[in-house]
Amino acid sequence: MGKVADKNKTKASKPKYSKELYLQWYEQMLLIRRFEEKALMMYGQQKIRGFCHVYIGQEAITAGMETALTKDDCIVTAYRQHGTALGRGVTPKEAMAELFGKETGIVGGKGGSMHFFSKENNYFGGNGIVGAQIPIGAGIGFAEKYRGTKNLCVTMFGDGAARQGALHEAFNMAMTWKLPVLFICENNGYAMGTSVERTSNVIDLHRMGDGYGMPNEPVDGMQPETVYEAIQKAAKHIRSGKGPYFLEIKTYRYKGHSVSDPAKYRTKDELNDYKDKDPIKVTEKRILDGKMATEADIKKIKDKIKKMVEEAVEFAENSDYPDGSGLYEDNYVQTDYPYLE
Amino acid sequence: MAREIALRDALREGMSEEMRRDEDVFLMGEEVAQYNGAYKVSKGMLDEFGEKRVIDTPIAELGFAGIGVGAAMNGLRPIIEFMTWNFAVLAFDQIINNAAKTLSQSNGQFKCPIVFRGPSGSAGQLAQQHSQTFESWMANCPGLKVISIVDPYDAKGLIKSAIRDDDPICFMESEMLYGHMGEVPEEEYLVPIGKARVRREGTDVTLVTYNKMVLVAEEAAKKLEAEGISAEVIDLRTIRPMDHETIINSVKKTNRIIVIDESWPFAGVSAEVAYIVQKHAFDYLDAPVIRINAADTNLPYAPTFVEEYLPNPDKVIKAVKEVMYVNR
């Protein structure tokens with residue numbers, strides 16, 4: 001783990017992209033980081049219950065990805081998804097209220113941490129069954145191709161899901177039918193507590209694309225630049241009608257698998273090594289070194305995000321729980337479905 | 001004008017009419033296109049609709065069921081054919097964890113209008129893995145609707161309703177009875193989901209059943225008539241939601257009920273019927289509810305095992321006499 005990230009160790013080189021793009025990445029990553037830190041705090045206060053998997057450490061993927069896609073593209077992912085949803089356009093208020101289980105949440109308190117959905121943002125959800133979203137993503141792409149659009153579906157999963165049979169079935173059909181799907185493995189090195197090395201003879205997960213003739217490559221996921229570039233290239237390939245592309249984005253989660261995981265299966269050194277190349281820290285430095293913003297500008301951004309997250313908590317606190325009778329809604333589209341007593 | 005056609009033809013007519021009506025409907029499954037269907041249900045559909053809409057898949061039930069779910073979430077109306085429901089077990093994750101739950105998880109934002117269809121039940125000496133019924137399994141899960149038919153008229157009318165329905169539907173047919181003939185009108189019609197059909201009126205005992213056990217119940221009813229016993233035969237047609245009213249009204253008339261159900265007895269469709277009858281018609285019952293199921297065992301290969309395992313008219317007649325307290 002970490003080899004790709006090591007090779008691309010940050011240098012104080014001249015920024016490659018515009019000031020606007022760097023600031024957009026920075027704000028996006030910072031919002032996710034602060035949101036997740038607050039979520040953990042709220043979990044500690046038992047305002048949030050159930051499972052809660054946070055995205056801290058992986059923010060550069062969302063930031064880089066969203067600037068390389070259009071809003072008409074679709075995304076489906078797994079349950080470590082607060083950051084992905086925020087990147088799509090789910091507001092911090094809608095997201096926090098959902099974590100609190102409130103009726104103002106993005107899915108009205110019906111999904112919680114694992115299941116945000118937003119049709120208006122083409123966000124097809126956080127999926128709780130490891131790997132099940134992989135064929136679903138192929139199906140979302142199938143529908144885009146069927147209708148003759150130029151949109152693609154980004155289908156995201158972790159390194160653990162890469163070991164599910166569903167991946168192979170979906171890869172095979174997506175490639176055979178040249179579906180417009182960008183498969184992204186967010187490889188954070190651990191399937192819950194089990195490292196990639198312990199579950200497979202092949203640890204370069206992107207090479208699984210080779211078995212299906214699917215173009216694939218590893219990507220440094222600790223910098224928005226590298227993610228942005230890789231996704232732009234892959235998306236161009238997909239939109240030209242050549243079928244799917246597979247990116248293994250190497251990243252790291254700073255926290256345990258979920259809030260109840262102390263992550264004793266890894267060393268402090270490993271974690272600190274990653275924190276040294278923290279995407280937010282590095283991007284901030286790049287912005288300042290490149291004179292794209294002043295310290296004062298950065299502080300202003302930080303204050304703005306802090307306020308957004310605080311307002312999200314306040315909104316969630318002040319919202320009501322959904323009425324229990326809502327149980328009988330949205331199991332069926334049919335409104336007069338005769339439920340059993 | 002009605003004509004006699006086979007179950008497979010009725011299903012094909014229903015699917016084809018809906019595909020002509022709505023561009024978003026497509027058929028996907030193993031051998032559905034070039035091979036014309038493992039049981040010829042989709043014969044000729046590739047020729048009419050082309051490979052964009054009639055799609056052969058690799059043998060990957062989980063994968064293509066999931067592709068169907070994703071396509072349905074993204075606005076299409078897939079028909080996913082399983083060569084049999086025994087193979088659909090590989091796809092249960094997508095049916096139970098996704099198709100059934102998408103609407104609820106998304107708080108109504110993403111519906112999943114999909115039909116999963118194929119034959120359910122035993123089909124001769126096919127042994128343990130190819131002989132199971134799945135109506136009870138699927139009907140246990142909120143979010144799904146379950147239809148199970150053999151009558152060609154019902155099959156056509158219900159497959160059309162299922163394709164138009166906005167909820168995910170498990171549609172169960174019969175491998176043995178794809179050639180089963182029945183009257184089907186030339187003109188278009190729909191059969192509503194959730195309505196049972198009284199196939200034969202009677203006054204002494206109610207026989208509730210579905211899928212190919214309908215034929216067993218009807219044969220038993222015919223034999224009973226010769227003995228002066230009048231049996232009412234109800235074909236559930238839709239398992240979930242179940243038409244309680246038709247069952248209860250019949251029991252109020254006959255005061256006796258037998259459920260003939262090819263699925264296993266434990267926590268099955270027959271158990272559900274027995275529950276609702278005791279709940280809503282307790283005072284009308286002159287005898288306990290009796291159910292005749294497949295044996296509570298696996299189904300091995302030899303013909304003697306098949307004979308022992310399945311419900312048959314003699315078992316039904318014996319049960320009828322038991323609830324009528326007669327020894328003829």
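Nothing here was measured: the structure is a model prediction, and the numbers come from that model.

Overview of the nonpolar core
Within the largest apolar cluster, 82 residues are counted, with the highest numbers of intra-cluster contacts made by A:Phe142, A:Phe157, B:Phe82, B:Trp85, B:Phe116, B:Ile247 and B:Val273. Formed jointly, this core draws a minimum of three residues from each of two domains, domain 1 (2-185) and domain 2 (197-323) of chain B. Once residues lying within four places of it in the same chain are set aside, the contact partners of A:Phe142 are A:Trp177, A:Leu179, B:Phe26, B:Met28, B:Ile55, B:Ile67, B:Ala71 and B:Leu76. Core analysis: the next-biggest nonpolar cluster, separate from the first, contains 68 residues, A:Tyr22, A:Ile32, A:Cys52 and A:Tyr55 among them.

Here we look at the state of the cysteines
The full count for this structure, using the stated rule, is zero disulfides over all chains. Free of any disulfide, A:Cys74 has its nearest neighbouring cysteine sulfur in A:Cys153, separated by 5.4 Å. On the accessibility criterion, A:Cys74 (0% relative accessible area) is buried. Not engaged in a disulfide, the cysteine B:Cys170 finds its nearest cysteine sulfur in B:Cys141; these two sulfurs lie 8.4 Å apart.

Thoughts on the interface of chain B and chain A
In this assembly, 50 residues from chain B lie in contact with 39 residues from chain A. Interface area, chain B with chain A, both sides summed: about 3700 Å², of which 63% is carbon and sulfur. A per-residue breakdown of the area chain B buries against chain A is headed by B:Ile67, B:Asn74 and B:Gln105, which together make up 18% of the total. At the boundary of chain B with chain A, the tally comes to 23 residue pairs in polar contact (both at pLDDT 80 or more). Per-element tally for the side of chain B that touches chain A: the top contributor is helix H3 (residues 61-73) of chain B, with 10 residues. Residues that form the side of chain B that touches chain A fall into these classes: 19 nonpolar, 17 polar and 14 charged.

What to know about the domain arrangement of chain B
Residue and element names in this part refer to chain B. Each assigned domain of chain B is listed here: domain 1 (2-185) and domain 2 (197-323). Taken together, the contact between domain 1 and domain 2 spans 34 residues of the former and 27 residues of the latter. The tally of links from domain 1 across to domain 2 stands at four salt bridges. Put simply, domain 1 and domain 2 have 17 residue pairs in polar contact (both at pLDDT 80 or more) between them. Secondary structure elements with two or more residues in the side of domain 1 that touches domain 2: helix H7 (135-139), strand E6 (145-148), helix H8 (152-164) and strand E7 (169-173). Broken down by class, the residue content of the side of domain 1 that touches domain 2 amounts to 15 nonpolar, 14 polar and five charged.

Here we look at a negative patch on the surface
On the surface, a cluster of negative charge is made up of A:Glu103, A:Asp320, A:Asp323 and A:Glu329. Using a relative accessible area of 58% as the deciding quantity, one classes A:Asp323 as exposed.

What to know about the pattern of salt bridges
Between side chains of opposite charge, a pair can form when the charged atoms approach closely. Residues and elements named next belong to chain B. Scanning the entire structure with this criterion turns up 51 salt bridges over all chains. Between glutamate 225 and arginine 200 there is a salt bridge, with the nearest N and O atoms lying 2.8 Å from each other. Of the two residues, glutamate 225 is situated in helix H9 (residues 213-226) and arginine 200 in strand E9 (residues 197-200); the sequence distance between them amounts to 25 residues. Between glutamate 232 and lysine 253 there is a salt bridge; the shortest N-O distance is 2.6 Å. On the criterion of sequence distance, the pair formed by glutamate 232 in strand E11 (residues 231-235) and lysine 253 in helix H10 (residues 244-254) is long-range, its members being 21 residues apart. Judged by its relative accessible area of 38%, lysine 253 is partly exposed. Connected through salt bridges with shared partners, the residues Arg3, Glu13, Glu17, Glu18, Arg21, Lys156, Lys160, Arg164, Glu186 and Glu188 form a single ionic network.

Some thoughts on the environment of B:Pro288
All names here are of chain B. Along the chain, proline 288 falls in the loop between helix H11 (269-281) and strand E14 (290-293). Between the C-alpha atom of proline 288 and that of isoleucine 258, which follows or precedes it by 30 residues, the distance is 9.0 Å. Apart from residues no more than four positions distant in its own chain, proline 288 is found in contact with Ile257, Val323 and Tyr325.

Notes on the sheet that holds strand E7 (residues 216-220) of chain A
Residue and element names in this part refer to chain A. Strands sit in the order E2-E1-E3-E4-E8-E7 across an open sheet of six strands; the sheet is parallel. The open sheet has two free edges, formed respectively by strand E2 (123-126) and E7, since each of these has just one partner strand. Each strand of the sheet is rotated relative to its neighbour by a mean of 20°, with strand direction disregarded. Across five bridges, E7 lies against strand E8 (residues 245-250) in parallel orientation. Within E8, the position partnered with proline 218 by the bridge is glutamate 248. The sheet contacts of helix H3 (residues 59-66) involve strand E1 (74-77), strand E3 (153-158), strand E4 (181-187) and E8, and relative to E3 the element is tilted by about 170°. Where helix H7 (residues 165-176) meets the sheet, it contacts E3, E4 and E8, and its direction lies at approximately 150° from that of E4.

Concerning the packing of helix H1 (residues 7-21) of chain B against H8(B)
A pair of packed helices can be characterised by two numbers: the angle between their axes and the separation between those axes. Residues and elements named next belong to chain B. Running from amino to carboxyl end, H1 crosses H8 at an angle of 30°, the nearest separation of the two axes being 8 Å. Taken together, the axes of H1 and H8 are roughly parallel relative to one another. Crossing of H1 over H8 shows right-handed handedness. Counted together, Leu7, Ala10, Leu11, Glu13, Gly14, Met15, Glu17, Glu18 and Arg21 of H1 and Pro152, Ala155, Lys156, Ile159, Lys160, Ile163 and Arg164 of H8 form the full contact between these two elements. Partitioned by chemical class, the residues of the contact of H1 with H8 number eight nonpolar, one polar and seven charged.

A short note on the pairing of strand E4 (residues 77-81) of chain B
Residue and element names in this part refer to chain B. For E4, a buried count of five out of five residues is recorded, marking the element as mostly surrounded by other parts of the structure. Neither face of E4 is left uncovered, since the one carrying Arg77, Ile79 and Glu81 and the one carrying Pro78 and Ile80 both have all their residues buried. With five bridges connecting them, strand E2 (residues 25-29) and E4 associate as parallel partners. Of the residues in E4, the one forming a bridge with glycine 29 is glutamate 81. Alignment of E4 against strand E5 (residues 115-119), held across three bridges, turns out to be parallel. Bridged to isoleucine 80 within E5 is phenylalanine 116.

Rules used throughout
- Residues numbered from 1 in each chain as written.
- Chains lettered and ligands numbered in written order.
- Predicted model: local features only at pLDDT ≥ 70, side-chain atom pairs only at ≥ 80, totals over all residues.
- Heavy atoms only, no water.
- Core = buried A, V, L, I, M, F, W, Y, C linked by side-chain atoms within 4.5 Å.
- Buried < 20%, exposed > 50% of the residue type's maximum accessible area, 1.4 Å probe, protein only.
- Domains from an automatic or database assignment.
- Contact = heavy atoms within 4.5 Å.
- Disulfide = S-S within 2.5 Å.
- Buried area = accessible area lost by both parts, 1.4 Å probe.
- Polar contact = N/O pair within 3.5 Å; in protein donor to acceptor, adjacent residues only side chain to side chain.
- Helix = DSSP H or I, 4+ residues; strand = E, 2+ residues; numbered from the N terminus.
- Nonpolar A, V, L, I, M, F, W, Y, C, P; charged D, E, K, R; others polar.
- Salt bridge = Lys/Arg side-chain N within 4 Å of Asp/Glu carboxyl O.
- Patch = residues over 30% accessible without salt bridge, like charges linked within 9 Å, V, L, I, M, F, W, Y side chains within 5 Å.
- Areas by Shrake-Rupley, 256 points an atom, 1.4 Å probe, with all protein chains shown as cover.
- Lys, Arg positive; Asp, Glu negative; His and termini not counted.
- Charge placed at Lys NZ, Arg CZ, Asp CG, Glu CD.
- Pairing = 2+ DSSP bridges.
- Axes fitted to C-alpha atoms, helices over the stretch in contact; angles between N-to-C directions.
- Parallel < 35°, antiparallel > 145°, perpendicular 65-115°, else oblique.
- Left-handed = near helix turned anticlockwise from the far one by under 90°.

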